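# Tertiary structure, described
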Amino acid sequence: MMRRNKPAWSGHSCPLLLTLLLALTFSTPALAQDRPVVLRGGKLLTVSHGVIENGVIVMQAGKIAAVGPASSVNVPSGAQVIDVTGMTVYPGLIDSETQLGLTEISAEDMTNDLVEMSDEIMPHMHTAEAFHAESALIPVARMNGITNAVVAPESGDTLPGQDSFIQLAGANATEMLLLRDNAMPLNFTGDQRRNKGGFGARKFPSTRMGLAAQLRQAFLDAQDYKMKWTDYERKKVDFAATKDKDKDKDKDKDKDTNKDKKSEPLPPKRDLKLEALLPYLEGKKTIVLAAEGPSDLQTAVSLANEFKLKFVLNHISHSKPVLDYVASLKVPVIVGPIYEAPKEDERYDTVYSLPAQLYKRGVKIVFASYSAHNVRNLPDQAGFATAFGLPYDEALKAITLNAAEVWGVADQLGSLDAGKTANVVVANGDPLDVKTDVKQVFIAGREVPMTDRQVQLRDEYSKKGKN
Amino acid sequence: MLNCVSLTVWLTTALALASAAAFGQSEGAAHHDVVIKNAIVMTVTHGNIANGSIYIKDGKIAAVGETVNAPASATVIDAGGKYLTPGIVDSHSHIALDDDVNEATSPITPHMMMKDAFDYQDKAIYRALAGGVTTSLLLHGSANMIGGQAVVIKHKYGATRDEMLFPNAPRSIKFASGENPKRVYGSRDQLPSTRMGNFAVQRQALVEAQDYMREWDNYNEKVKRGDKDASPPKHDLKLEALADVLRGKIMVQIHIYRSDEMLTEIAMAKEFGYKIRAFHHALEAYKVADQLAANDIAIATFSDWWGYKQEAWDAIPWNATLSMRKGVRVAIKSDSEDYTRRLNQEAAKTMRYGGATEEEALKMITLNPAWIVGVDDRVGSIDVGKDADLVIWNGYPLSSYGVPEKVLIDGDVYFDRSQPGLGTTHYKEGE
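Residues numbered from 1 in each chain as written. Chains lettered and ligands numbered in written order. Predicted model: local features only at pLDDT ≥ 70, side-chain atom pairs only at ≥ 80, totals over all residues.

Residues and elements named next belong to chain A. Buried residues dominate strand β11 (residues 286–291), accounting for six of its six residues. Burial along β11 is two-sided: Thr286, Val288 and Ala290 facing one way and Ile287, Leu289 and Ala291 facing the other are all buried. Bridge analysis of strand β10 (residues 183–187) against β11 gives five bridges, and the strand direction is parallel. From the neighbouring strand, Leu186 faces β11, where its bridge partner is Leu289. The sheet contact formed by β11 and strand β12 (residues 311–315) spans five bridges and is parallel. The residue of β12 that forms the bridge with Leu289 is Leu313. Handedness of the β-α-β unit built from β11, helix α6 (residues 294–306) and β12 comes out right-handed. (Buried ≥ 20, exposed ≤ 12 C-beta atoms within 10 Å, placed from the backbone. Helix = DSSP H or I, 4+ residues; strand = E, 2+ residues; numbered from the N terminus. Pairing = 2+ DSSP bridges. Right-handed = clockwise from strand over helix to strand, strands pointing away.)

This next bit is on the sheet that holds strand β8 (residues 164–167) of chain A. All names here are of chain A. What the four strands build is an open sheet, ordered β6-β7-β8-β9; its pairing is mixed. This sheet does not close on itself; its edge strands, each paired only once, are β6 (93–98) and β9 (177–180). Ignoring strand direction, the axes of neighbouring strands in this sheet form an average angle of 15 degrees. With four bridges joining them, strand β7 (residues 146–151) and β8 adopt antiparallel strand pairing. Counterpart to Asn148 in the pairing with β8 is Gln167. (Axes fitted to C-alpha atoms, helices over the stretch in contact; angles between N-to-C directions.)

Next up on the list: helix α7 (residues 259–272) of chain B. All names here are of chain B. Here α7 spans 20 Å end to end across 14 residues, near enough to the 20 Å set by a 1.5 Å rise per residue. On its buried side, α7 packs onto α5 (195–224), β10 (251–256), β11 (276–281) and α8 (289–294). Among the residues trailing α7, Gly273 stands out with phi positive, at a value near 75 degrees. (Expected span 1.5 Å × (residues − 1). Contact = placed C-beta atoms within 7 Å.)

In this section: the confidence of the model for chain A. Here chain A averages 91 in pLDDT, and 90% of its residues register 70 or above. Every residue in residues 1–30 of chain A scores below 50 in pLDDT, and together they form 44 contacts with partners more than four places removed in sequence or on other chains. (pLDDT = per-residue confidence, 0-100.)

The next subject is helix α10 (residues 343–352) of chain B. Most of α10(B) is tucked away: 10 of the 10 residues are buried. Regarding α10(B), the residues found buried are Leu343(B), Asn344(B), Gln345(B), Glu346(B), Ala347(B), Ala348(B), Lys349(B), Thr350(B), Met351(B) and Arg352(B). Turning to α10(B), the residues buried within the fold contact α9 (378–386) of chain A together with β5 (88–93), β6 (133–138), α9 (319–325), β13 (330–332) and α11 (358–363) of chain B. One or two positions beyond α10(B), positive phi appears at Gly354(B), with a value near 105 degrees.

This paragraph deals with the interface of chain B and chain A. Contacts between the two partners involve 43 residues from chain B, matched on the other side by 33 residues from chain A. Among the secondary structure elements, those contributing two or more residues to the side of chain B that touches chain A are α1 (7–15), α2 (123–129), α8 and α10 of chain B. Top element by residues in the side of chain B that touches chain A is α10(B). It accounts for five residues. In terms of residue class, the side of chain B that touches chain A is built from 24 nonpolar, eight polar and 11 charged. (Nonpolar A, V, L, I, M, F, W, Y, C, P; charged D, E, K, R; others polar.)

Moving on: the packing of α5(B) against α7(B). The packing of two helices is summarised by the inter-axis angle and the distance between the axes. All names here are of chain B. Across the interface, α5 lies against α7 with an axial gap of 12 Å and an inter-helix angle of 15 degrees. By the angle between their directions, the pair α5 and α7 is classed as roughly parallel. Note that α5 runs across α7; the crossing there is right-handed. Facing α5, whose interface residues are Arg195, Phe199, Gln202, Arg203 and Leu206, α7 presents Glu261, Thr264, Met268 and Phe272. (Parallel < 35°, antiparallel > 145°, perpendicular 65-115°, else oblique. Left-handed = near helix turned anticlockwise from the far one by under 90°.)

For the rest of this paragraph, the subject is unusual backbone geometry. Cis geometry is adopted by the peptide bond preceding Pro337(A), which originates at Gly336(A) and carries an omega value of 10 degrees. By secondary structure assignment, the location of Pro337(A) is in the loop between β13 (333–335) and α8 (354–360). The linkage connecting Leu191(B) with the following residue, Pro192(B), adopts the cis geometry, with an omega of 0 degrees. With respect to the element layout, Pro192(B) can be found in the loop between α4 (179–186) and α5. Although it is not a glycine, Asp189(B) adopts a positive phi angle of roughly 55 degrees. In this structure, Asp189(B) sits in the loop between α4 and α5.

So, about the nonpolar core. As a rule of thumb, nonpolar side chains are buried together in soluble globular proteins. Ranked by internal contacts, the top residues of the largest apolar core, which has 254 residues, are Ile57(A), Val89(A), Leu289(A), Leu84(B), Leu138(B) and Ile299(B). When residues of this core are assigned to their parent elements, the largest contribution, seven residues, is made by strand β1 (residues 34–42) of chain B. Excluding residues that lie within four positions of it along the chain, Leu138(B) makes contacts with Ser93(B), His94(B), Ile95(B), Ala96(B), Leu97(B), Met114(B), Phe118(B), Ala150(B), Val151(B) and Ile153(B). (Core = buried A, V, L, I, M, F, W, Y, C linked by C-beta atoms within 7 Å.)

Dropping the structure here:
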């Protein structure tokens, strides 16, 4: 029956095993790649241009220098060559929504920096400023080949703050935070109603109407705020011009009275909340629009359109009746999680099959773990979606190239292509199968130490004499 | 092999479902003779039979092998070369209780019967069924040190309430420990608010049960001796239940995380003379696996959950396999309306973390949990005489990809992926 292939390095002479042992001696992944690393003999899932059997990938100075069949790629001199025959090699996986670095132990509040619940409108919260680079959760995630992730605040607020896009290895937070404030969630799922209570409600907003009005007001305030600043900038220019003219006048004329002179315009008071909304109002950054059912979805989309926001959709787990409408919006969807329980009137497989249904309609989909501790299981979800009709290649794309495109980093990440960051995973098989064991992860061309707190505990308690 | 290579083949087969004769459509109909042929039969107890057949008579497995003798009148299901496993047994579930999981008004509530809260129409039952689950142990929650008594169900969605109760299943009671009881009662400034308090409360209850049992034993002795003046002690449901624990009539299932607490529970069980059937969650079992094995205590654990609370901080995904290698009977359970729908994937992770064999992994969601529930002589493997609780999978079940095509319970099809609507043969939408 099912028999696992013996790994290529099961003998002691295997070079990968040696490098793995060496890798363990690094306590933190260092910043720059020392010398070229070549992976030879693996099955390369490039994502962008098919599968290369017996391929070679060259990683140099943190980038992928070359990818191709063994016959056509030159191995640079002085390179460390690793034989990965029998292995599958693929780009680092990208998780499109996590809380990595914002939590350690869910039930222990002091370890949580997930969402600021004092108000529904908190766009000036920056996850980058809470991101804990030394979190024990990050090595656990990257051990399974997740190399990049969106860090988002939890969804308790309508506007809970701004996302970051991280790399799961680096000397410190600054290095790991590839993008700060790259996107902002706008949550409209009903869960943001914290003042519910019907006739007993005391605090605004307690309903969806309230949340929508509050949101609309926030964007209107931001528009006004922008106008004030534009106005100020204009006045400043005018003032400078007038001043220059006055100077000339002063030269020409005598020291006359200054009664004509305008006073220098004062800048408007800065408002961090409104300031944070401006790049989104200007369409420079992406709003991640979260809704579950058809009604909330359409309300949220109308709101976004009212202010001409650029958006991608999130969840839409119970919007099966309006998937054609979703397709007509021509925006990508972070779908699921597909494990979301169906509603009473939905079939058992309604949510499972959502990725396939969206794909069929031409929608670009990506997956997210929506998790911190379980980020490592991101690929399982993609695999499971294929059992409900999503083509395998699309499932893999949804956690690699599609995600890179959605987050604006496709020039650097998401596929095995020369010129991209060398985030590369070596595993003993199919990346989307739960049984597959990741053997080595490279981030920016460096071998990531294949250990974490859990491996350490395993090894400690597997020692002879101990238990 | 199907597991790695032929994804596209799976996708094709997933869509082109083998059509089988419909049967078992009407509720309460007499059992039919059924033959499932042309399957890769994963027996769990005696290896796999490539191209195997199963003959089902009166809801039981009557024969299994490369060929079986069956009457020509038997309904034939052609499995089309697909995998066939025993139905999955979930040894830790709280579905179908309409949120009546915890009677969190006192830390000792052994007289709560989960059967009284069982909501047999909960669609979570059929969603689990659609993931191949045929038997579940529905437990009280972990708010109380001693919670209520479990109910064992078969996932015959669409059948009547009584038809869904596992006939003559042994009784189980839920004990808890650690953070949950101390959080629940500590937050109300009540005892227990510490682990010391937890165990004191438990011990106090067991001491009272000993007294109660003695009183009744004395009374019964007197009656036996013909003492006409003997007056019976007052009935106390709570202590009656605990006395049955002490008498060994109820299996003890303990919610527990930390290894030190496992040792304390083992000591307490010895102190009062009862046996612990299984530690549930048991995320630190790998630290004391020898002691668990020596006391014949099974574990019902997660594959890789961790970090959701302090006592889950030392969880490792190798827990199941490390414990198994020390001789502990290991089950992978869901404790979740979500995960119960894909326990096959959770079991498959043990092949990756620690190298469980295919059969070992499968055992963790079939025969081992059946033992924990006390029904391993009836379900959990494909053996002659056992209930015909079976799953035909569209692909290799121990993977991300395998999903059930048909699920049979007692020889009747209860889930069929090719059926419209809910995909279950015994339930009509709108009912």
